[in-house]
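# Reading the structure
Here is how the chains run, residue by residue.
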Amino acid sequence: MSNSIACIIYKNGKILIAHRNPVGDMGGRWEFPGGKVDAGETEQQAIIREMYEEFSVVAVPGKKITDCVFFHKEKKCTLSAYFVELEHDGMKSPYVLTEHTEYAWVDPAEIPKDNFVDSDLQIYPAVLKALEKKYE
């Protein structure tokens, strides 16, 4: 079974999303930043590594929000979502992207309107609920 993480980065009422490079199974679709957890690595270590590799930014993992199970090419996969803080917001000093063509800070309600990856849409309701609880 494959294990992946989704980084939920929320600031000033907006959530960070990224547009995947136009290659591969999910190419050209939007997603929450993140990626696969490597063998021997904790989910928190994967968050730090993935955000540095894909955005050249230092990340601080926070509280786990939820998990979901999905199938990709008939292989069972788990996706775990975490709140994550970043050293900066990528506006004054842009993130250096390696796996994405662009990123955006969007209102969380806009996410279902974008061409979002299916696994991230599965965790989306739990993300909204966690944001409501965290920022009441």
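Data block above holds the structure.
Presented here is an overview of the structure given in this document. (Residues numbered from 1 in each chain as written. Predicted model: local features only at pLDDT ≥ 70, side-chain atom pairs only at ≥ 80, totals over all residues. Heavy atoms only, no water.)

### With respect to the nonpolar core
Heads up, the rule is: What is meant by a nonpolar core is a set of buried Ala, Val, Leu, Ile, Met, Phe, Trp, Tyr and Cys residues, joined one to another through side-chain atoms within 4.5 Å. Think of it in three bands: residues with accessible area under 20% of the maximum for their type are buried, residues over 50% are exposed, and the middle band is partly exposed, with areas taken using a 1.4 Å probe on protein chains only. We count a stretch as a helix when DSSP gives it H or I for four or more residues in a row; a strand needs E for two or more, and each element gets its number in order from the N terminus. Contacts were defined at the residue level, with two residues in contact if any of their heavy atoms lie within 4.5 Å.
Among the nonpolar cores identified, the biggest contains 21 residues, and I8, I15, I17, F32, I111 and I123 are the most heavily contacted of them. Mapped by element, the contributors of at least two residues to this core are strand 1 (2–8), strand 3 (14–20), strand 6 (59–72), strand 7 (75–86) and helix 2 (118–134). Among the elements that make up this core, the one with the highest residue count is helix 2 (five residues). Setting aside its immediate chain neighbours within four residues, I17 contacts W30, E31, F32, P33, Y103, A104, V106, I111, D114 and F116.

### Here's the deal with the sheet that holds strand 1
Heads up, the condition is: DSSP-based pairing: two strands are paired if at least 2 bridges between them are found. What counts as an axis is a line fitted to C-alpha atoms, over the stretch in contact for a helix, and the angles between N-to-C directions run from 0 to 180 degrees.
In space, the four strands of this open sheet follow the order 5-1-7-6, with mixed pairing throughout. Edge positions in the sheet fall to strand 5 (34–36) and strand 6, since each has one partner strand and no second. Each adjacent strand pair in this sheet contributes to an overall mean axis angle of 20 degrees, direction not counted. When strand 1 meets strand 7, the two strands line up parallel, connected through seven bridges. Bridge pairing in strand 7 places A6 opposite A81. Running over the sheet, helix 2 touches strand 1, strand 6 and strand 7 and is turned about 145 degrees from strand 6.

### A short note on a positive patch on the surface
The test is simple: Excluding any residue in a salt bridge, patches collect residues exceeding 30% relative accessible area, merging like charges within 9 Å and nonpolar Val, Leu, Ile, Met, Phe, Trp and Tyr side chains within 5 Å. Throughout, the Shrake-Rupley method with a 1.4 Å probe supplies accessible areas, and for residues the shown protein chains are the sole cover considered. The term salt bridge refers to a pairing of a side-chain nitrogen on Lys or Arg with a carboxyl oxygen on Asp or Glu at a separation within 4 Å. Charged-residue counts in this description rest on Lys and Arg as positive and Asp and Glu as negative, His and the chain ends being excluded. For the purpose of locating charges, the reference atoms are NZ of Lys, CZ of Arg, CG of Asp and CD of Glu.
There is a patch of like positive charges on the surface, built from K63, K129, K133 and K134. Among the elements that make up the positive patch, the one with the highest residue count is helix 2 (three residues). Position of K133 relative to the elements: it lies in helix 2. Classification of K133 as exposed rests on a relative accessible area of 63%.

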